[in-house]
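Chain by chain, the residues run as shown.
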Amino acid sequence: MLEYLGCVLLVHSIVAAPFSVEVQSNSSSVNNLLKRPKREFSTDDVHIIDDCIAVTSKQGHFFYKAIHPAADICGLYFITDPEEKVEIQIEYIDVSCRSGGVISVVDGWELNGEYFPSVEDHHLPLEDRIVSTCSEKGSTHYTGRRRFISSQNAALVQFHVPHQGESFSIRVQYIPNPTPCNILVEGTSETYTLTNHGRHWNCSVTTLFPAEIQIQSINVGTVPSRRLHDFEVETGVMHKCDKRRFKDYLQIGGSNGLDSSGLTIADTICGYKNEIESYQSLIGCGTSTVRLVSSGRFFNTALVGIRPADLDSLPFSDVICE
């Protein structure tokens, strides 16, 4: 949930139609995501925003000032550990509403008109995930504060600052998330726990690269969410669970964008098996996703291993996105 704390009268707040950051799929900013170091900076460090598109895991104060007139819509993409949320605090804003300037905080990521988490997989409607603000006439150089907290380990600050000399600053820190659901992967070879926490949530683990996905254990559609149990019987892994009209299942697939609701599916599985020795799927798409679809009737969980696919093996992928 994107939490909005506090109300400021001198700054105009808008809940508007979302705008889009347009980036080519081979953008170096996005592709360099996995190369970025973590935790090198404290929440007190100051960072100057030089690039229109940037991906970072840094914390601290971020400052932007337009050095020349600009028509571009820019984006500062934040990503942290799966068990954390992104807290964004607007500290200062001198971006005129009258000139069309705007600063927007997005609960998740937006890229080329697609969102992570997808509209179908987020518990809030899209209009509640985006809050925009700018400076009213006579209220520039505002130094009050607005604070936003993302629902997952990824958030975005979009900004359009068309006039030279206008500026803004934000403060970013990462805080614990006791119930992670949607996870954007920044690691290169890790294991992730995907769970709905017994709720009617669709959850996902998404990468920004072709991936080899291993399902190491699965318990989906077998354990009622309101019943404690001491004894479980393994059903094994069942396939094509959506075709069998099961309401709870795990989708493995890929896409060319951030939206996971229209995956090209490699497999759909459910059931209960504590240790799976040989299940893996190779996803030959720019984005690879494991998506947990949950009815809320079961406490679903899966242990998912993800690593970048070997380029030589991509022609033999289970799915290939054109």
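Within every chain, residues take consecutive numbers counted from 1 along the sequence as written. Note on the predicted model: pLDDT of at least 70 is required for a residue's local features to be given, and 80 or more for side-chain atom pairs to be given and counted; whole-chain, interface and lining totals, by contrast, use all residues. The side-chain values count all of the structure's non-hydrogen atoms but skip hydrogen atoms and water molecules.

## A look at the overall build of the chain
Then, in step 1: Counting from the N terminus, the helices are DSSP H or I runs at least four residues long and the strands are E runs at least two residues long. A count of helical and extended segments in the chain gives two helices and 25 strands.
Then, in step 2: Any residue under 20% of the maximum accessible area for its type is buried, any over 50% is exposed, and the rest in between are partly exposed; the area is computed with a 1.4 Å probe on protein chains only. Burial analysis of the chain (322 residues in total) assigns 55% to the buried set.
Then, in step 3: Only heavy atoms enter the contact rule, under which two residues are in contact if any of them lie within 4.5 Å. Contacts spanning at least 24 positions in sequence make up 81% of the contacts within the chain whose residues lie at least 6 apart.

## Some details on the packing of aromatic side chains
Then, in step 1: The rule is short: rings of Phe, Tyr and Trp, with Trp giving its six-membered ring, pair when the centres are within 6.5 Å, and they are stacked under 30 degrees, edge-to-face over 60, tilted in between. By the definition in use, this model includes five aromatic pairs.
Then, in step 2: When the ring of Tyr 64 is compared with that of Phe 159, the centres are 4.8 Å apart and the planes differ by 50°; the resulting orientation is tilted. On the criterion of sequence distance, the pair formed by Tyr 64 in strand β5 (residues 60–65) and Phe 159 in strand β13 (residues 154–160) is long-range, its members being 95 residues apart.
Then, in step 3: Note on Tyr 77 and Trp 109: the rings are 4.9 Å apart at their centroids and 75° apart in plane angle, and the pair reads as edge-to-face. One end of the pair, Tyr 77, is in strand β6 (residues 74–79); the other, Trp 109, is in strand β9 (residues 109–111), with 32 residues separating them in the sequence. An identical accessibility class is assigned to Tyr 77 and Trp 109; each is buried.
Then, in step 4: Taken together, Tyr 64, Phe 159 and Phe 168 form an aromatic cluster joined through their ring pairs.

## Overview of the nonpolar core
Then, in step 1: Definition used in this section: a nonpolar core is a set of buried Ala, Val, Leu, Ile, Met, Phe, Trp, Tyr and Cys residues joined via side-chain atoms within 4.5 Å. Counting residues in each nonpolar core, the largest one holds 31 residues, and the members touching the most others are Ile 213, Ile 215, Leu 250, Ile 252, Val 290 and Ile 306.
Then, in step 2: Looking at this core, the elements with two or more residues in it are β16 (190–195), β17 (203–207), β18 (211–220), β20 (249–255), β21 (264–273), β23 (287–293) and β24 (301–308).
Then, in step 3: Here this core takes five residues from β18, the largest share from any one element.
Then, in step 4: Non-local contacts of Leu 250, meaning those with residues more than four positions away in its chain, are made with Leu 194, Ile 215, Ile 218, Val 220, Asp 267, Thr 268, Ile 269, Val 290, Arg 291, Leu 292 and Ala 302.
Then, in step 5: Residues Ile 49, Phe 78, Ile 93 and Ala 155 belong to the second largest nonpolar core, which totals 25 residues.

## As for the pattern of salt bridges
Then, in step 1: Salt bridge, as used here, is a side-chain nitrogen of Lys or Arg placed within 4 Å of a carboxyl oxygen of Asp or Glu. Within the structure shown, the criterion is met by three salt bridges.
Then, in step 2: Between Arg 291 and Asp 121 there is a salt bridge; the shortest N-O distance is 2.7 Å. With Arg 291 in strand β23 and Asp 121 in the loop between β10 (114–116) and α2 (126–129), the pair connects residues that are 170 residues apart, well separated along the chain.
Then, in step 3: On the accessibility criterion, Arg 291 (6% relative accessible area) is buried.
Then, in step 4: With a relative accessible area of 4%, Asp 121 lands in the buried category.
Then, in step 5: Two residues, Glu 212 and Arg 307, come together in a salt bridge whose shortest N-O distance is 3.1 Å. With a gap of 95 residues between them, Glu 212 in strand β18 and Arg 307 in strand β24 connect regions that are remote in the sequence.
Then, in step 6: In this structure Glu 212 comes out as buried when scored by relative accessible area, which is 13%.

## Notes on the environment of Val 172
Then, in step 1: Relative to the helices and strands, Val 172 is located in strand β14 (residues 167–176).
Then, in step 2: For the pair Val 172 and Gln 89, spaced 83 residues apart in sequence, the C-alpha to C-alpha distance is 6.4 Å.

## A short note on the confidence of the model for the chain
Low pLDDT means the predicted atomic positions in that stretch should not be read closely.
Then, in step 1: Of the residues in the chain, 80% reach a pLDDT of 70 or more, and the chain-wide mean stands at 84.
Then, in step 2: Element-level pLDDT for the chain is lowest in strand β1 (residues 3–5), with a mean of 36, against a maximum mean of 97 in β13.
Then, in step 3: What pLDDT reports is the predictor's confidence in each residue, on a scale of 0 through 100. Under a pLDDT of 50 for its full length, residues 32–37 has, in the predicted model, 13 contacts with residues more than four places off or in other chains.

## Remarks on unusual backbone geometry
With glycine set apart, most residues show a phi of negative sign, and most peptide bonds adopt trans.
Then, in step 1: In this structure, Pro 117 follows Phe 116 across a cis peptide bond, with omega equal to -15°.
Then, in step 2: Position of Pro 117 among the secondary structure elements: in the loop between β10 and α2.
Then, in step 3: Notably, Lys 240 is not glycine yet its phi reads approximately 50°, a positive angle.
Then, in step 4: You can see Lys 240 is positioned in the loop between β19 (236–239) and β20.

## Details of the state of the cysteines
Then, in step 1: When two cysteine sulfur atoms lie within 2.5 Å, the pair is treated as a disulfide. A complete count under the given rule lists five disulfides for this structure.
Then, in step 2: For Cys 241, the disulfide goes to Cys 270, at an S-S distance of 2.1 Å. Because the sign of the S-S torsion sets the handedness, a value of about -90° for the bond joining Cys 241 and Cys 270 places this disulfide among the left-handed ones. Of this pair, Cys 241 sits in the loop between β19 and β20 while Cys 270 is found in strand β21, placing the two residues 29 residues apart along the sequence. Grouping residues by exposure puts Cys 241 and Cys 270 together as buried.
Then, in step 3: Here Cys 285 connects covalently by a disulfide to Cys 321, the sulfurs 2.0 Å from one another. Torsion about the S-S bond of the Cys 285 and Cys 321 cystine: about 75°, corresponding to right-handed handedness. Highlighted residues: Cys 285 in the loop between β22 (280–284) and β23 and Cys 321 in the segment after β25 (319–320), separated in sequence by 36 residues.
Then, in step 4: Once the bonded cysteines of the chain are numbered in order along the sequence, the disulfide links fall as 1-2, 3-4, 5-6, 7-8, 9-10.

## What to know about the pairing of β20
Then, in step 1: Among the seven residues in β20, seven count as buried, and that is most of the element.
Then, in step 2: Going residue by residue along β20, you find Tyr 249, Gln 251, Gly 253 and Ser 255 tucked away on one face and Leu 250, Ile 252 and Gly 254 tucked away on the opposite face as well.
Then, in step 3: Pairing of β20 with β23 involves seven bridges; the strand directions are antiparallel. Pairing of Gly 254 across the sheet is with Ser 288, part of β23.
Then, in step 4: At least two bridges found by DSSP between two strands is the condition for calling them paired. Where β20 and β21 come together, five bridges link them in antiparallel fashion. Bridge pairing in β21 links Gln 251 to Thr 268.

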